Amino acid sequence: WLKVRRRVVGMAMLLRAPLAVLFLGVVAGAAEAGAKSPYGEVTSSGKSSNIAFHTGLSREEKWKAVGHKGITLWMTGLSGSGKSTVSVALEHALVEKQPKSYFVYRLDGDNLRFGLNRDLGFTPEDRKENVRRVAEVSRLFAEAGAIVIAGLISPYAADRQYAREVHQNSSLPFLEVFIDAPLA
């Protein structure tokens, strides 16, 4: 913790004074209380080596803080089927039309191609990678307690099954919703 504390002091200098004081107080308090290090065992994963999984608040603590469990609603359907329209309407209903707002995050396939997935095209391999990335991001948000509304074409059953398994392997709920909302 001493090495970490020195680095934190340097980082805190870049923050505004009140925030820096709070930040330093939290770090100092954790060190004085003998808090367990968040660093996990150094290992490898895929092409990455010398990495460690860092723990923080448990899923249950996060869910308690937001007031509900996380879930992924995987909206799939053809281009123009209404995935985005239905997803936006559902997001508004859950956030604005409830006595207490839900923690919702919407991952739209088109929007993601402006950033996270801008390097992907529409080949079968790229579609598979698109689904893999969105599944992993959805899992992270659901882990934090978000109701994730992921809307993307995902035409291959094997890719949708992969997304489902990512969540099942983390004991997170996953619901696939096929959208076919005609314009008229």
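Our structure's up above, just so we're on the same page.
Described below are features of the structure shown in this document. (Residues numbered from 1 in each chain as written. Predicted model: local features only at pLDDT ≥ 70, side-chain atom pairs only at ≥ 80, totals over all residues. Heavy atoms only, no water.)

### A word on the side chain of D159
Thought 1: Looking at where D159 falls in the secondary structure, it is placed in helix α7 (residues 157–168).
Thought 2: For the buried residue D159, which engages in no salt bridge, the nearest side chain bearing the opposite charge is K128, 5.3 Å off.
Thought 3: Contacts of D159, omitting those with residues within four sequence positions, involve R127, K128 and V131. (Helix = DSSP H or I, 4+ residues; strand = E, 2+ residues; numbered from the N terminus. Buried < 20%, exposed > 50% of the residue type's maximum accessible area, 1.4 Å probe, protein only. Lys, Arg positive; Asp, Glu negative; His and termini not counted. Salt bridge = Lys/Arg side-chain N within 4 Å of Asp/Glu carboxyl O. Contact = heavy atoms within 4.5 Å.)

### With respect to the layout of surface pockets
Thought 1: In this structure, the largest pocket occupies an estimated 350 Å³ of space.
Thought 2: Within the lining of the largest pocket, the residues separate by chemical class into four nonpolar, four polar and four charged.
Thought 3: A breakdown of the residues in the lining of the second largest pocket according to their chemical character gives six nonpolar, ten polar and five charged. (1 Å grid on protein atoms, 1.4 Å probe; cavity = no way out; pocket = protein on both sides within 12 Å on 5 of 7 lines; lining within 4 Å. Points joined across faces, edges and corners; volume = space filled by probe spheres on them. Nonpolar A, V, L, I, M, F, W, Y, C, P; charged D, E, K, R; others polar.)

### A few points about the environment of I153
Thought 1: Along the chain, the position of I153 falls in the loop between β5 (147–151) and α7.
Thought 2: Exposure remark for I153: the relative accessible area of 28% places this residue in the partly exposed category.
Thought 3: When the C-alpha positions of I153 and G77 are compared, they lie 5.3 Å apart, and in sequence the two are 76 residues distant.
Thought 4: With near-sequence residues (within four places) excluded, I153 lies in contact with T76, G77, L78, S79, K83 and R127.

### Looking at the pattern of salt bridges
Thought 1: Counted according to the given criterion, the structure contains eight salt bridges.
Thought 2: Between R132 and E129 there is a salt bridge; the shortest N-O distance is 2.8 Å. Remark: E129 and R132 occur in helix α6 (residues 124–143); sequence separation between them is three residues, near one turn of the helix.
Thought 3: Across the pair R160 and E176 runs a salt bridge, and its minimum N-O distance is 2.9 Å. Taken together, the residues span a long stretch of sequence, with R160 in helix α7 and E176 in strand β6 (residues 174–178) at a distance of 16 residues.
Thought 4: Judged by its relative accessible area of 28%, E176 is partly exposed.
Thought 5: It is possible to trace a salt-bridge network through shared partners that takes in D119, E129, R132 and R133.

### Some details on the sheet that holds β6
Thought 1: The strand order β4-β5-β3-β6 describes an open sheet built from four strands, whose pairing is parallel. Only two strands of the sheet have a single partner each, and these edge strands are β4 (104–108) and β6. Ignoring strand direction, the axes of neighbouring strands in this sheet form an average angle of 15 degrees.
Thought 2: Bridge analysis of strand β3 (residues 71–76) against β6 gives five bridges, and the strand direction is parallel. When the sheet's bridge partners are listed, L73 is paired in β6 with L175.
Thought 3: Along the sheet, α7 makes contact with β3 and β6, crossing β6 at roughly 155 degrees. (Pairing = 2+ DSSP bridges. Axes fitted to C-alpha atoms, helices over the stretch in contact; angles between N-to-C directions.)

### Notes on the nonpolar core
Thought 1: Counting 16 residues, the largest nonpolar core has W74, L107, V134, A150, L152 and A163 as its most contacted members.
Thought 2: Broken down by secondary-structure element, the contributors of at least two residues to this core are α6, β5 and α7.
Thought 3: The element best represented in this core is α6, accounting for four residues. (Core = buried A, V, L, I, M, F, W, Y, C linked by side-chain atoms within 4.5 Å.)

### A word on the side chain of S87
Thought 1: As for its position among the elements, S87 is in helix α4 (residues 83–96).
Thought 2: Residue class for S87 comes out buried when judged on its relative accessible area of 1%.
Thought 3: Beyond its immediate chain neighbours, meaning those up to four positions away, S87 contacts M75, R106 and I149.

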